[in-house]
Each structure stands twice: as structure tokens, then as C-alpha cells.
Amino acid sequence: MSVTSGVSADDQAEQQAQASPPERKQGSTLRKGEGRLGLYLVAPTIILLAVVIGYPVVKAIVMSFQKDPGLDKATGMFVSGGSAGFSNYTHWILQRCGTASCPPGTLGAEFWDSVGTTFFFTAATVIIEVLLGMWMALVMNRAFRGRALLRASVLVPWAIPTAITAKLWYFIFAYDGIANRVLHTHILWTGGEWASRFAIIIADVWKTTPFIALLILAGLQVIPADTYEAARVDGANSWQRFTMVTLPLVRPALMVAVLFRTLDALRIYDLPAILTGGGGGTGHSTTTLSILVVDQIRGGFNSAAALSTLTFLLIFLVAFIFVKFLGAHVVQTQQRQQKGTI
Amino acid sequence: MIRRTRGFSVAMASLGAGVLLIGMGGCSSGGGSNTAGQNTNARGPITYVQGKDNNNVIRPLIDQWNASHPNEKVTFKEQSDQADQQHDDLVQHFQAKDPNYDVVDVDVVWTAEFAAKGWLQPLTGQFALDTSALLPTTVKTGTYNNTLYAAPQASDGGLLYYRKDLVPTPPKTWDEMMADCSIAKSHNMDCYAGQFAKYEGLTVNAAEAINTAGGEIVKSDGRTPNVDTPEANKGLSMLVDAYKNGNIPQQAITYQEEQGRQSFESGKLLFMRNWPYVYSLATTDGSSVVKDKFGIAPLPGLDASKPGASSLGGHNAAISQYSAHKATAFDFVKFLESADTQKTFATKASLAPVIASLYDDPTLIQTLPYLPTLKTSIINAVPRPVTPFYPAVTEAIETNAYAAIKGDKTVDQALKDMQAAIKAAGS
């Protein structure tokens, strides 16, 4: 991270401000012109974002407060449902279908299960990927023959589109597939409750670990070699060098990697959708929130809009917690680095 | 820089989450103005919309039509080969009231939804279609609320594939088939498989079992669920018991059409329920070891007097409410229904005809030897529920049948839940 450049920019600004108070007025009018120019330059982007992001998001929220069209029993035709209040939200959160609770076999009954599944996938994949990614990054950071080849080949899984990854693993995990033959097992990888979940975790770890590894590698490479030399001189063994030099210094990069992966994993759709179709176990053991949204779209837009708004809020909450608590660590670490307390 | 990273992360987070919402924004609910009486006599160029034309059969047919109708030319709009994508594409164009989607090809299970949304021109009055020559079960798939909304265009029914080298006479009843499973055991093969993975195929197979045993999914009004009955219980129990005792192998719970076909073609499966498309593949595939060792029969019934009740596949042709040239569109639908066109579909694309007499046509039987068996299957078939809430209904059937077959719940409980879930689907 370019802490120093940030500081020097501040210093420059301060110096300028101190050095040339008379020019301030002139400078500020110039700034005004610049501001207007800046506005003009930014306007197209803002308008574009408002159209392609702002409008749909607002529209989805408005839709989520309307009822899905119901059937007019007399004509057999759909009629628009009118205002729904919060009923689309209570449908999901309280699992209410009409006046009764949603029976098994309705999407409403699957909401909390999918929340659990989504968070389980997120926790499991991120933890495994960070541990493996850290190890891979440490290996790639060493100087040895064939390092460039290793770095390139590690990227291969990440370069393959997820849909293709999912299909590849679908064949590997077929009953007559390679996985069962190599392991001499008869596991129903796409049918069992935990087997199907592990199948997805394995495929996701295979695909995404390189991404984490590269982000961590980038963090490792900015650690100056002399800090290690100093540690060695002080008599630190390799474990101490790892926990007391490498880990604290790589933490900012690590946190960014974890944040990105977490948010990505929370919206996971393509891998389970193709690998297991959201099935397995009880029939929805691998249904994530995004899969549930897509399923619901065919059954009613307004209810699906409420579900995607809920998903949005959940992910936003997680992101907020991350930035609020772990983000603070990033800042602290760098401040401490600056002060030279580590 | 630190600040920026943090702000950037939040922005990325909200952006990522927002993508989910964006998918929703473009959609708005249907319903609305009645356009049934508009453009009914108008003639002019039209567009025909259909999923991917794998066998290149549509374009030559349209060329043929265009040659004789220079002022009412048909343009072919080809969709993807994925059913879900075809469905969503049609929904979007109907919502936009696109006048350029004149004649559309709809899967049998979407017909009710599109009709209830008011998107399809009812085939009544001047659009009345003569359905007397058609197989009655196929007409049912295009009928919603006692009104025909879509003309049957291609049908499909389930067949029982069996190893004639091991089982000389195919079983007529489910019990006979289960008894024949001892043959499979002695040859170290699996006995029976259908489509039991949790997807649309399971709805097809579960509905077949329930209908064969004399039960029904919904009452004749198409809305009221009726699966909590002794007959339905008997039907679903056939599958559940066979899975429990191993006559249906444990991996069949992951089978879609293709996995079953591969197992059958590699000689590992004695009986298989599948669609007619398997016939030519199993006879010609290089990897097939059963090329001249298999036969086909109607699905086994409850007793020998009546074969099993297949579910119906296939497509119907419908006229959009928003079409600008409905008179031409109707003529084109009749052209698709004509015996000549149906024959072309059958010979060039192996599509099962909807005209009853074609199943007895000797030249057709020569190219498609399974036709007489398929006719029995389709005549005895029961369409899947014709309901505007089909996605929710099929989810209710799939989920609960899957849980019952796996033994996660009792058949009684599964049917009670299925009943409640189908009911909730329509509320």
C-alpha cells in the first residue's frame, strides 16, 4: 500500500497552503471552474450508473411491496395483486404461505435453509481457501527454478469459466465418475446431503484458491527482505518470522482478499446451479440464496424482488461488519507500521 | 489510500449485492388489456419463434411456405436450446407486447401460464381449429379453462426399454417387472431406472407412477390438488419400495435422461423408462453394446389390462395476442398441423406426430419403428397438471417425491406435504 505517497501528497498540499496564502482566492476560482468541468466529465458516468444500477434497484424495492398477480377464479385469468405491504417479506422471513406456514415443497419453506447453506459455503470455502492460498503464496514467493511456470499454472483453474469448472466436476462426481473410481467408493456426490455440499466446496476451493494466493503473493512481495534479515539477526526462528513478520505485514492484502472472497461466496450461484442443480439431500441441500431467487423469478417477480432485496441486505450487512471491524485493523496495522511499533 | 480501499470495498460490496437486484428491476407484472379482438383479419409478414432447430427442419418448411405465400412471408426467430431460456425469452417479449412474436412454440407445461396471463389468442370463433384428427391427450395439453389456446405441434411419451436377449417378453405390469429383477440380479446388472434426480424429470416419473396406479395430481379443474389418496399412495410406493429393495439402484437418484441411457447402452441396466430419442442412439452409438439386444414396450401398468400412464412431453404452437397479422398467423399454425408437415417433423427430426393416423402409416413406421408402441403410450398418457402455477406445482411434486424415494419421509407424509404445497402454489 502506498502509505508514503499518501503522506507526501498531504504534506505537499499543506506546504502549498502555507507557502501561498495570497494565491488562495485565485486558486479557489480556478477550483470552481475545475469543479464544474469535473461535474461535466463525471456526469455521463453518473447518469449511466443511475440508469443501469439506480433505477433497477429502486424498481426492485418498489416491486417487492406489490403482490404477485393472482388468479381470478371465475375467468381463470391473472389479475394484478395490488399493494402487498410487507407480506412478501414476511412470506420469506416467517415462512408464511397465505395464512398457514409454508409446507415442504414450496420455495418459502426453503428460505432459512438456503441462508444457512449460503453462509456455510461461505465460511467453509473462505477458510480453506485462505489457508491453502497462504501456503501456495509462500511457496510461490520463494526463488527456485520453474517459479514462473508454477505461478502460471496455478492460475489455470482461475482462468477456466465457472460454468465449465462446474460441468467438469459434474463429470468427475458422477456415480461412474473418476472420483468414485479413484477412491473406490460408491458415494452419491450429487445426491447425498453432505456429499453434495462437499462436492461444491471442493470444486470451489479448486477454482478460487489461486485468486487468494495471488492476492496474498502481491502482499508478500512488498515486504522488504531486510525485515527478515533483521528478524534472523535477532534470533527469530522460521515460525516466529512467519507469525511476527510475515503475517502482520501481509494482513492488509489478506483482509482485502478475504473481503472479496466472502462477498463473492455469498452470492454464489453458477457452481451449485450447474453441479447439483441446488439439489442433494433433502432436495435443496445446496440451494443458495441466489438459486432461490432465480427459482422464484419464474413463480412471481414481486416475491422474487423481496427475496433479492433481503439477500442484498444480508450481504450488505456482512460487508459492513467486515469493513467496520476488519477494515479498522487494516488502518491500525498501517498506522502502527508507520510509527514503527512493529 | 487506506480510506479509498475501505470506501472502495463498501462500494464493491454494495455493487455486488446490487447485481442481484438488478436482475429483478426490468420485470414487471403482466395482466392487463384485452387484445383478443384485434388484428384478427389482418394479413402480412409474420415471425415464428421456436427453440434451437437441431435437425434443420424448420427452415426448409418455412421456405416452402414462403414460396407459396409471397405477401405473407414467415421469418424464423430461433431461440437457444435451453428450455428455461426459451421460456424467459417468451415472457419478456410478451410483457413488452411485441407485435413481432406472432406464432410461438410453447412447451406443453407453459401453455396454461401464458394463457392465464392473457398472452395467447384463444383458438375459438374464426380461429377454431379442427382437432378431430389429433390425439385427444395432446389436445388436453393446449387446453386451459376449457378453451383451446395452443395447437398441439409435437408430442412425446415415455417408453419402456428392455433387454430382449434377457427378457423375451416385456413385463406388462409393474409387479411383473419387479419379478423380472431376479434376472438382473443373476446377471449382476441394475434392474430399473427412470429419471429420479430432483428436476423436472422426477415430476414426470412420479406423476406417471401416481397416474398408473389410478391416482391423480390435480382434479379435473386443473387447480385442486388430489394426491392425498390411497391410489396416489400406491403409485408413489411402487417407486419408494423399489428404491428401498434395490430394484432401482441407489445411484438412480442422480439420474437424468442421459445417465440412464448411458447405463442402458453399456449393458448395465435391464429396464429403463425413457423418451423415444434413445431409440436411434442406442441402435447407432459406437459405445452401445446393446444395439440389437433391446426392445421397446409401453410402460408397465397396474394390471395387464391397461398399460402404464405416461406423462406427456412435446410442444404446442400458439398465436400471440399482440400479433399484428393474426389471420396469417392462424394459417401458418394450420400449416404446422397439416399431415405433410407432421410427417416431415417425424422423419427429419424424430418428433412424435400429433395426428393419430400417422402412427399407422407404414412408411413412417419403417423409419421410426417405435411409432406403434409410442402411440399406445401417448393414447394412455396423462398430461402433467395444466396450471398457470406450474413452476411451483412441479417444485412441490419434485421435492416431496424425492424425499419419499430417498426414505427421508414416509409416503403418507410426502403426499400430505405435496398436497399442501400444491395448494399453496395457487394461493
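1. Things to note about the overall build of chain A
Right, on to step 1. The secondary structure content of chain A amounts to 14 helices and 4 strands.
Right, on to step 2. For chain A, the residues scored as buried account for 35% of the 342 residues in total.
Right, on to step 3. Taking all contacts inside chain A whose residues are at least 6 apart in sequence as the whole, residues at least 24 apart take part in 67%.

2. So, the overall build of chain B
Right, on to step 1. In terms of helices and strands, chain B carries 16 helices and 11 strands.
Right, on to step 2. Taken against the 2.2 N^0.38 rule, which gives 22 Å for 427 residues, the C-alpha radius of gyration of chain B at 23 Å falls within 12% of a compact globule.
Right, on to step 3. By residue count, 52% of the 427 residues in chain B fall in the buried class.
Right, on to step 4. Counting only contacts in chain B whose residues sit at least 6 apart along the sequence, the fraction spanning at least 24 positions is 74%.

3. Quick look at the packing of helix H8 (residues 230–244) of chain B against helix H15 (residues 390–406) of chain B
Residue and element names in this part refer to chain B.
Right, on to step 1. The N-to-C vectors of H8 and H15 enclose an angle of 40 degrees; their axes lie 8 Å apart at closest approach. When the interaxial angle is binned, H8 and H15 end up oblique. From H8, Leu236, Leu239, Val240 and Tyr243 reach across to H15, where they touch Ala401, Ala404 and Ile405.
Right, on to step 2. Within the contact of H8 with H15, the residues separate by chemical class into 7 nonpolar, no polar and no charged.

4. Some details on the packing of H8 of chain B against helix H16 (residues 411–425) of chain B
Describing two packed helices takes the angle between their axes plus the distance from one axis to the other.
Residues and elements named next belong to chain B.
Right, on to step 1. H16 packs onto H8 with a crossing angle of 125 degrees between their chain directions and a minimal axis gap of 10 Å. Compared by their axis directions, H8 and H16 come out oblique. The element H8 and its partner H16 pack so that their crossing is right-handed. Facing H8, whose interface residues are Ala232, Asn233, Leu236, Ser237 and Val240, H16 presents Val411, Asp412, Ala414 and Leu415.
Right, on to step 2. Its residues placed into classes, the contact of H8 with H16 shows 6 nonpolar, 2 polar and 1 charged.

5. Focus on the sheet that holds strand S7 (residues 159–163) of chain B
Residues and elements named next belong to chain B.
Right, on to step 1. Pairing is mixed in the open sheet, where 4 strands are placed in the order S8-S9-S7-S10. Here the strands that pair on one side only, and so sit at the sheet edges, are strand S8 (190–193) and strand S10 (294–297). Taking the axes of each pair of neighbouring strands and ignoring which way they run, one obtains an average angle of 15 degrees across the sheet.
Right, on to step 2. Sheet topology note: the S7/strand S9 (residues 269–274) ladder contains 4 bridges and is antiparallel. Of the residues in S9, the one forming a bridge with tyrosine 162 is phenylalanine 271.

6. A closer look at the sheet that holds strand S2 (residues 74–78) of chain B
Residues and elements named next belong to chain B.
Right, on to step 1. Taken in spatial order, the 5 strands make up an open sheet running S2-S1-S3-S11-S6, and their pairing is mixed. A single partner strand is all that each edge strand has here, and the edge strands are S2 and strand S6 (151–157). Sheet twist, expressed as the mean angle between neighbouring strand axes with direction ignored, is 20 degrees.
Right, on to step 2. Alignment of strand S1 (residues 46–50) against S2, held across 5 bridges, turns out to be parallel. Bridging from a neighbouring strand, glutamine 50 pairs with glutamate 78 of S2.
Right, on to step 3. On top of the sheet, helix H11 (residues 326–337) reaches S1, S2, strand S3 (103–107), S6 and strand S11 (312–319); it is set at about 150 degrees to S11, its chief contact.

7. Describing the environment of phenylalanine 94 of chain B
Right, on to step 1. Within the secondary structure, phenylalanine 94 of chain B sits in helix H3 (residues 83–95).
Right, on to step 2. Those residues in contact with phenylalanine 94 of chain B that sit more than four places away from it in its chain are Phe114, Lys117, Trp119 and Ser320 of chain B.

8. Overview of the environment of alanine 236 of chain A
Residues and elements named next belong to chain A.
Right, on to step 1. By the element assignment, alanine 236 lies in the loop between helix H10 (225–233) and helix H11 (238–266).
Right, on to step 2. You can call alanine 236 partly exposed: it has 16 C-beta atoms within 10 Å.
Right, on to step 3. With 94 residues separating them along the chain, alanine 236 and arginine 142 place their C-alpha atoms 19 Å apart.

9. Overview of unusual backbone geometry
Residue and element names in this part refer to chain B.
Right, on to step 1. Non-glycine residue asparagine 56 carries a positive phi angle of around 45 degrees.
Right, on to step 2. Counting through the fold element by element, asparagine 56 comes out in the loop between S1 and helix H2 (58–68).
Right, on to step 3. Positive phi is not limited to glycine here, since serine 350 has a value of about 55 degrees.
Right, on to step 4. You can see serine 350 is positioned in the loop between helix H12 (339–349) and helix H13 (362–367).
Right, on to step 5. What makes serine 350 partly exposed here is the crowd of 17 C-beta atoms within 10 Å.

10. Regarding the environment of aspartate 228 of chain B
Residues and elements named next belong to chain B.
Right, on to step 1. On the secondary structure map, aspartate 228 appears in the loop between helix H7 (200–212) and H8.
Right, on to step 2. Residue aspartate 228 is classed as partly exposed on the basis of its C-beta count, with 15 C-beta atoms lying within 10 Å.
Right, on to step 3. Spatially, the C-alpha atom of aspartate 228 lies 5.4 Å from that of leucine 415, the residues being 187 residues apart in sequence.
Right, on to step 4. Leave out the neighbours within four places in its chain, and aspartate 228 touches Leu415, Lys416 and Gln419.

11. A short note on H10 of chain A
Right, on to step 1. Judged by how many residues are buried, H10 of chain A sits mostly at the surface: 0 of 9 residues are covered.
Right, on to step 2. Of the residues flanking the end of H10 of chain A, it is glycine 235 of chain A, one or two places downstream, whose phi is positive at about 90 degrees.

12. Remarks on the nonpolar core
Right, on to step 1. Counting 163 residues, the largest nonpolar core has Ile216 of chain A together with Leu236 of chain B as the members making the most contacts within it.
Right, on to step 2. At 11 residues, the largest contribution of residues to this core is made by H11 of chain A.
Right, on to step 3. If near-sequence neighbours (up to four positions away) are discounted, isoleucine 216 of chain A is found in contact with Gly133, Met134, Ala137, Val250, Ala253, Leu254 and Ala257 of chain A.

13. Considerations on the confidence of the model for chain B
Note that predicted coordinates carrying low pLDDT should not be read in detail.
Residue and element names in this part refer to chain B.
Right, on to step 1. Confidence along chain B averages 89 in pLDDT terms, with 91% of residues attaining 70 or more.
Right, on to step 2. Note that residues 1–20 has pLDDT below 50 and, in this model, 37 contacts with residues that lie over four places away or in other chains.
Right, on to step 3. Below pLDDT 50 for its whole length, residues 23–33 participates in 30 contacts with residues either more than four positions away or in separate chains.
Right, on to step 4. Here the complex is predicted with pTM 0.82, and the ipTM for its interfaces comes to 0.79.

14. Thoughts on the pairing of S6 of chain B
In the case of a regular strand, side chains alternate between the two sheet surfaces.
All names here are of chain B.
Right, on to step 1. The buried count for S6 comes to 7 of 7 residues, which makes it a mostly enclosed element.
Right, on to step 2. In this sheet, S11 lies alongside S6 in antiparallel orientation, the contact comprising 6 bridges. Residue pairing in the sheet places serine 155 in a bridge with glycine 314 of S11.

15. Details of the pairing of S9 of chain B
Residue and element names in this part refer to chain B.
Right, on to step 1. Of all 6 residues in S9, 6 are buried; the element is thus mostly enclosed.
Right, on to step 2. Of the strand pairs in this sheet, S8 and S9 are connected by 3 bridges, and their pairing is parallel. Pairing of aspartate 190 across the sheet is with leucine 269, part of S9.

Definitions and cut-offs
- Residues numbered from 1 in each chain as written.
- Chains lettered and ligands numbered in written order.
- Predicted model: local features only at pLDDT ≥ 70, side-chain atom pairs only at ≥ 80, totals over all residues.
- Helix = DSSP H or I, 4+ residues; strand = E, 2+ residues; numbered from the N terminus.
- Buried ≥ 20, exposed ≤ 12 C-beta atoms within 10 Å, placed from the backbone.
- Contact = placed C-beta atoms within 7 Å.
- Rg over C-alpha atoms; globule rule 2.2 N^0.38 Å.
- Axes fitted to C-alpha atoms, helices over the stretch in contact; angles between N-to-C directions.
- Parallel < 35°, antiparallel > 145°, perpendicular 65-115°, else oblique.
- Nonpolar A, V, L, I, M, F, W, Y, C, P; charged D, E, K, R; others polar.
- Left-handed = near helix turned anticlockwise from the far one by under 90°.
- Pairing = 2+ DSSP bridges.
- Core = buried A, V, L, I, M, F, W, Y, C linked by C-beta atoms within 7 Å.
- pLDDT = per-residue confidence, 0-100.

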